[in-house]
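# Architecture and fold: a report
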Amino acid sequence: MKQAYWDLDLIQLSAENTAAHLNKEFILIDNFDETSEQINTDLEFVNHPVKLSFTIAIFCLVGRMRFQINLQDFELQTNDILIVREKSIGEYQGMSDDTRIAVIASSSEYFQTALQIDATMSLQRRLYASPLCHLTDKAMEESIAIYRLMKAKIAETDNPFRKGALLGYTQVLTYNAYKYLLASDSKDGKAIGKEQSATRTLHAIYP
């Protein structure tokens, strides 16, 4: 029986034309200097389901991208980030011509559990509910700045401490994700509180 999806691992992903990687276990891909048409041509798995053996984060700086993750459809737009965990089955379905992206893919070793267990669990629950998040302009700018630092560190081939540095940068991104999650939950809580207050007020006026 023909398999419904292809298995995609980091070794295969590291072979992409624009990939920068450390030992084929931590991979960065972007199209800052290319067109989306070139990326669509390069990627062998466009419009075909793949099962991931790694975790991947896709930052959309501008434009639109379409994915199906575990049979759910998602569209990335400007300042969106898609975080897909290992063992997920996804399908990349294309992007608009003006799309600019940055991709971070790595083994689970690089996404270590942080010290704040509650924050870790909250983030995991959020990603389970939806892998798509929207960032503010400032948050996206900071994330891409860290991405560029990662890429520069990978290029330091004479540096024996690159892995440690990349682990550190990944932790910064992780803690930033906790901060954005906390801010988002706080806003949601305030909005719910306002709605409940307004409802109580209406009930008092119109019993």
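Keep in mind that this is a model prediction, so the values were computed, not measured.

The next subject is the overall build of the protein. Helix and strand counts for the protein come out as 5 helices and 11 strands. Evaluated residue by residue, the protein yields a buried proportion of 41% over its 207 residues. For the protein, the computed accessible surface area is about 12,200 Å², with 55% contributed by carbon and sulfur atoms.

This part takes up the pattern of salt bridges. Taken as a whole and judged by the stated rule, the model has 5 salt bridges. Put simply, lysine 163 and glutamate 25 hold a salt bridge, and the shortest N to O gap is 3.4 Å. Placement of lysine 163 in helix α5 (residues 162-205) and of glutamate 25 in the loop between β2 (20-22) and β3 (26-30) is noted, with a sequence separation of 138 residues between them. With relative accessibility at 28%, the residue lysine 163 sits in the partly exposed group. Between lysine 163 and glutamate 109 there is a salt bridge, with its nearest N and O atoms 2.9 Å apart. With lysine 163 in helix α5 and glutamate 109 in the loop between β10 (100-106) and α3 (117-129), this residue pair connects regions lying 54 residues apart in the sequence. Owing to a relative accessible area of 37%, glutamate 109 belongs among the partly exposed residues under this scheme.

Let's shift gears to the confidence of the model for the protein. Scored by pLDDT, the protein comes out at a mean of 82, with 77% of its residues at no less than 70. For the protein, per-element mean pLDDT is lowest for helix α2 (residues 36-42), which scores 54, and highest for helix α4 (residues 137-154), which scores 97. For the stretch residues 190-207, pLDDT sits under 50, and the model shows 0 contacts to residues farther than four places along the chain or on other chains.

Our focus in this paragraph is the pairing of strand β9 (residues 89-95). Counting buried positions along β9 yields 5 of 7 residues, so the element is predominantly enclosed. Pairing of strand β6 (residues 65-69) with β9, which is carried by 5 bridges, proceeds in the antiparallel orientation. By the bridge assignment, phenylalanine 67 is partnered in β9 with tyrosine 92.

As a further point, take the environment of serine 107. The topology assignment puts serine 107 in the loop between β10 and α3. Each C-alpha atom, one on serine 107 and one on aspartate 9, is 9.5 Å from the other, the two residues being 98 residues apart in sequence. Those residues in contact with serine 107 that lie beyond four places of it in its chain are Leu10 and Glu25.

Calculation criteria
Residues numbered from 1 in each chain as written. Predicted model: local features only at pLDDT ≥ 70, side-chain atom pairs only at ≥ 80, totals over all residues. Heavy atoms only, no water. Helix = DSSP H or I, 4+ residues; strand = E, 2+ residues; numbered from the N terminus. Buried < 20%, exposed > 50% of the residue type's maximum accessible area, 1.4 Å probe, protein only. Areas by Shrake-Rupley, 256 points an atom, 1.4 Å probe, with all protein chains shown as cover. Salt bridge = Lys/Arg side-chain N within 4 Å of Asp/Glu carboxyl O. pLDDT = per-residue confidence, 0-100. Contact = heavy atoms within 4.5 Å. Pairing = 2+ DSSP bridges.

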